[in-house]
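So you can see what is in the structure, the chains are spelled out below.
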2 protein chains.
Amino acid sequence: MFFSASFAVSAVKKRIQNMPERHFDQELEELKANLLRMVGLVEQSIGEAVRALVERDEALAGEVIREDARIDEMEVVVEEACLRLLALRQPIAVDLRFITSAMKINNDLERMADQAVNIAERALELNKEPLLKPLIDIPRMSELAQSMVKESLDAFIHRDAALARSVRERDDEMDHLRDQVFRELLTYMMQDPKTINRAVHLILVARHLERIADLATNVAEDVVYFVQGKVIRHGLEE
Amino acid sequence: MFFSASFAVSAVKKRIQNMPERHFDQELEELKANLLRMVGLVEQSIGEAVRALVERDEALAGEVIREDARIDEMEVVVEEACLRLLALRQPIAVDLRFITSAMKINNDLERMADQAVNIAERALELNKEPLLKPLIDIPRMSELAQSMVKESLDAFIHRDAALARSVRERDDEMDHLRDQVFRELLTYMMQDPKTINRAVHLILVARHLERIADLATNVAEDVVYFVQGKVIRHGLEE
């Protein structure tokens, strides 16, 4: 009886010793660093895809498409790191929410990169025909999307719910720009059917940028949930 | 010393008693049942949105838009159930992977429902103008998307990697249908600029259906990872 009790004590101690706080914190820091690296790559992909479109730069479009493999690899690495943390550290409360949020955000970042690839592919398509018009609103949409992506992740890293909410509010501006692009391109198509193919591709580019902003909004909503424990998705707050 | 040892023993026992296997299994079953209920609602939304479009049924479109609130609520319920299971049960190995996969799949199901809402909203827009053409490929895309959604979740529930892989293969068929719709509608627009607005809306409906199939493919890839521990996303397998 005495032995088994002492065995239990040492088992409990061993369990505690196996969870050194400092190491866990280091692993969380590494996870954050990886997400920040990933968001940097994603931002760059979006910017370059739109630049390839605006400047009709096929080499740059090709680079965006090739670079996507690196982002895909990082997604797998981050996801496995999260699963490892969950399994080995069995975190609770805020750390648990941090890691499960990181898994979702990781997934969303990779999907944003896929949209950048879609834009690069359309840039290659559009290059087969003459320039339809100088692009003004699309680069504006791209800048907006990039800033939403960057700030949604900053909000996550710094647990800044106010910043996350401001990202979410900018989604309306994005929708407004998308409608503007849509209406303008419709006019082009109506006036000259030869522009239809190019105009449709540009409408879809605007959609890809809108999707990126939507994904950043998802991230921002997850951040508010993570920081404040409030669900603001689905307009549940209003 | 004896007291503290005995206290440790009872703490260990209590810990074990607090994790009755049977209850954990029940909670997992409940989680599965909720996901199945959710996938049923999502399938129904997709089907009804496309029926609203084909049959020009505004009331049905409105219903799809309203019903989305229920799916949004279920998403929150399922996510919180997953977080609770992770925090209280601290599952490891296959159960941990099951729950984290469920969280991702839950999120994907909700996004599919959002696409169904997009289709319903376009149905309302399209109803303001005369019918462009009888729709044939779009209902076909919808059936394909619905079957992919259903089977990707069946694959998850039954841990059936072969079924998951077959879902993934059908994504090519979806892309083929989308291109066919795109080309046909381009022809309409070129021949008669009055059709442009409607044709663009229909192209975007095809996109929404393609997104649903993409999300089902994401689910299928997560299932293969969950069952076989293999990452098949990003063509890493080839």
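The preceding data block contains the structure.
Residues numbered from 1 in each chain as written. Chains lettered and ligands numbered in written order. Predicted model: local features only at pLDDT ≥ 70, side-chain atom pairs only at ≥ 80, totals over all residues. Heavy atoms only, no water.

**Q** I'm lost on the interface of chain B and chain A in this one. Help?
**A** Reports often express the size of an interface as the amount of accessible area lost when the parts come together. Counting residues at the interface gives 45 residues for chain B, matched by 45 residues for chain A. In total, about 4200 Å² of surface goes out of reach between chain B and chain A, with carbon and sulfur atoms giving 66% of it. Summed over the shared surface of chain B and chain A, the result is four salt bridges. Where Lys104(B) meets Glu79(A), a salt bridge forms, and the shortest distance between an N and an O atom there is 2.7 Å. Counting every contact that joins chain B to chain A gives seven residue pairs in polar contact (both at pLDDT 80 or more). For the side of chain B that touches chain A, the secondary structure elements donating two or more residues are α1 (2-17), α3 (58-89), α4 (93-126), α6 (161-191) and α7 (196-228) of chain B. (Contact = heavy atoms within 4.5 Å. Buried area = accessible area lost by both parts, 1.4 Å probe. Salt bridge = Lys/Arg side-chain N within 4 Å of Asp/Glu carboxyl O. Polar contact = N/O pair within 3.5 Å; in protein donor to acceptor, adjacent residues only side chain to side chain. Helix = DSSP H or I, 4+ residues; strand = E, 2+ residues; numbered from the N terminus.)

**Q** Quick question: what am I supposed to make of the packing of aromatic side chains here?
**A** Two measures describe an aromatic ring pair: the distance that separates the ring centres and the angle between the ring planes. Residue and element names in this part refer to chain A. On inspection of all chains with the given rule, the structure shows six aromatic pairs over all chains. Taking the centre distance of 4.7 Å and the plane angle of 5 degrees together, the rings of Phe-98 and Phe-156 count as stacked. Separated by 58 residues along the polypeptide, Phe-98 in helix α4 (residues 93-126) and Phe-156 in helix α5 (residues 137-157) bring together distant segments of the chain. Of the two residues, Phe-98 and Phe-156, both sit in the buried class. Stacked on the ring of Tyr-225, the Lys or Arg Arg-97 has its end atom at 5.6 Å from the ring centre. (Phe/Tyr/Trp six-rings, centres within 6.5 Å; stacked < 30°, edge-to-face > 60°. Buried < 20%, exposed > 50% of the residue type's maximum accessible area, 1.4 Å probe, protein only. Lys NZ or Arg CZ within 6 Å of the ring centre and 35° of its normal.)

**Q** I keep staring at the environment of Glu121(A) and nothing clicks. Help me out?
**A** Along the chain, Glu121(A) turns up in helix α4. Separated by 30 residues in sequence, Glu121(A) and Pro91(A) place their C-alpha atoms 42 Å apart.

**Q** Explain the relation of the copies chain B and chain A here, please?
**A** Between the two copies of the chain lies a relationship made up of a rotation around an axis and a movement along it. Superposition of chain B onto chain A requires a rotation of 180 degrees combined with a translation of 0.0 Å along the rotation axis, giving an RMSD of 0.0 Å. Such values leave the two copies arranged in the relation of a two-fold axis. Ranked by how close their C-alpha atoms come to the rotation axis, the residues of chain B are headed by Gln90(B), at 2.8 Å. Take the interface residues of chain B: 100% of them recur as interface residues in chain A, which is what a same-surface contact looks like. (Least-squares fit on C-alpha atoms with pLDDT ≥ 70 in both.)

**Q** Help me out: how do you make sense of the side chain of Thr100(B) in this one?
**A** Turning to its location among the elements, Thr100(B) is positioned in helix α4. On the accessibility criterion, Thr100(B) (5% relative accessible area) is buried. For Thr100(B), the side chain forms a polar contact with the main-chain oxygen of Arg97(B), separated by 3.3 Å. Apart from residues lying up to four places away in sequence, Thr100(B) is in contact with Leu83(A), Leu86(A) and Met103(A).

**Q** Is there a simple way to explain unusual backbone geometry in this structure?
**A** For residues that are not glycine, phi is negative in most cases, and the peptide bond is trans in most cases. Residue and element names in this part refer to chain A. The phi dihedral of Gln-90 is positive, around 40 degrees, even though this residue is not glycine. A relative accessible area of 17% means that Gln-90 is categorised as buried. Backbone geometry at Arg-159 places phi at a positive 50 degrees, although glycine is not the residue there. Its place among the elements puts Arg-159 in the loop between α5 and α6 (161-191).

**Q** Help me out: how do you make sense of the pattern of salt bridges in this one?
**A** Pairing between side chains of opposite charge can happen when the charged atoms of each approach one another. All names here are of chain A. Summed over the entire model, instances satisfying the criterion amount to 38 salt bridges over all chains. The partner of Lys-104 in a salt bridge is Asp-222, and the shortest N-O contact between them spans 3.3 Å. In this pair, Lys-104 is assigned in helix α4 and Asp-222 in helix α7 (residues 196-228), connecting sequence segments 118 residues apart. Like Asp-222, Lys-104 is buried.

**Q** Is there a simple way to explain the state of the cysteines in this structure?
**A** Put plainly, two cysteines are in a disulfide when a covalent bond ties their sulfur atoms together. Tallied over the entire structure, the rule returns zero disulfides over all chains. The cysteine Cys82(A) is free of any disulfide, with Cys82(B) supplying the nearest cysteine sulfur at 15 Å. You can call Cys82(B) buried: its relative accessible area is 0%. (Disulfide = S-S within 2.5 Å.)

**Q** Could you clarify how one ought to interpret α5(A) in this entry?
**A** Given 3.6 residues per turn, any residue in an α-helix points the same way as the ones three and four places further on. All names here are of chain A. A rise of 1.5 Å per residue sets the reference length of α5, with its 21 residues, at 30 Å; its end C-alpha atoms lie 30 Å apart and thus fit the reference within 8%. Within α5, 15 of the 21 residues are buried, which leaves the element mostly enclosed by the surrounding structure. The first or second residue beyond α5 is Arg-159, which carries a positive phi of 50 degrees. (Expected span 1.5 Å × (residues − 1).)

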